[in-house]
Amino acid sequence: MSDSSSARPDAPVLDIWCELQCPDCRTALDDVRALRDRYGDRLELRLRHFPLEKHKHSFAAAQAVEEALEQGKGWPYVEAVLARVEELDREGEPFLVEVARELGLDAEEFDTALIDGRHILIVDADQAEGKAIGVTGTPTYVIGGERLDGGKSQEGLRERIEEIADRLLAEGA
């Protein structure tokens, strides 16, 4: 998912491998917001799907994000679901549809998308790419060819991402 249409075409890319049933990804959201605020359109933030098998509803949640993106509210949907991980744990797909409704999205279309699997190939492709580059957990960041694993500890990751982004931006200037 890339919901950063305002990013410059030459902007460095920060891929954020995430899954919406992951409490660590919820914690990382503050860092993602800070990065978005600091860099604006000078850094392209791309959410990449990496549903973990241990989370029963993560694959459906990834597909739901793609539907939210198609309906114009990808990042707001991600933030709303991550803010309520426990509800996703308990309620599953009905919760995903309810969040869509709360955000003013077409909830019936969401429900249909989850049933017909129209976004499954995007999720599968992200997951396969993640595995190919060594992603094993979430959140994991990739910027400037460097993979940073936040699944064990997020301490210092934002600062490291900023160092790399600043270097990439300086090189491109």
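Now for a quick tour of the structure. Source: prediction; values computed, not measured.

Here is what the cut-offs are and how they apply
Residues numbered from 1 in each chain as written. Predicted model: local features only at pLDDT ≥ 70, side-chain atom pairs only at ≥ 80, totals over all residues. Heavy atoms only, no water. Helix = DSSP H or I, 4+ residues; strand = E, 2+ residues; numbered from the N terminus. Contact = heavy atoms within 4.5 Å. Polar contact = N/O pair within 3.5 Å; in protein donor to acceptor, adjacent residues only side chain to side chain. Core = buried A, V, L, I, M, F, W, Y, C linked by side-chain atoms within 4.5 Å. Buried < 20%, exposed > 50% of the residue type's maximum accessible area, 1.4 Å probe, protein only. Axes fitted to C-alpha atoms, helices over the stretch in contact; angles between N-to-C directions. Left-handed = near helix turned anticlockwise from the far one by under 90°. Nonpolar A, V, L, I, M, F, W, Y, C, P; charged D, E, K, R; others polar.

1. A look at the environment of Asp-15
So, step 1. Within the secondary structure, Asp-15 sits in strand 1 (residues 13-18).
So, step 2. Counting along the chain gives 127 residues from Asp-15 to Val-142, while the straight-line C-alpha distance between them is 5.1 Å.
So, step 3. Not counting residues within four places of it along the chain, the set of residues in contact with Asp-15 comprises Arg-46, Arg-48, Thr-140, Tyr-141 and Val-142.
So, step 4. A polar side-chain atom of Asp-15 sits 3.4 Å from a polar atom in the side chain of Arg-48.

2. Some thoughts on the nonpolar core
So, step 1. Formed by 44 residues in total, the largest nonpolar core has its most connected members in Leu-14, Leu-20, Tyr-77 and Leu-96.
So, step 2. Beyond its immediate chain neighbours, meaning those up to four positions away, Tyr-77 contacts Ala-64, Val-65, Ala-68, Leu-96, Val-99, Ala-100, Leu-103, Leu-105 and Phe-110.
So, step 3. Residues Trp-17, Leu-52, Val-135 and Val-142 belong to the second largest nonpolar core, which totals five residues.

3. Some thoughts on the packing of helix 1 (residues 23-39) against helix 3 (residues 74-82)
Helix packing for two helices is described by the angle between their axes and how far apart those axes are.
So, step 1. Running from amino to carboxyl end, helix 1 crosses helix 3 at an angle of 145°, the nearest separation of the two axes being 10 Å. Crossing geometry of helix 1 relative to helix 3 is assigned as left-handed. Where helix 1 abuts helix 3, its residues Cys-25, Arg-26, Leu-29, Val-32, Arg-33 and Arg-36 lie against Trp-75, Glu-79 and Leu-82.
So, step 2. Of the residues contributing to the contact of helix 1 with helix 3, the split by class is five nonpolar, no polar and four charged.

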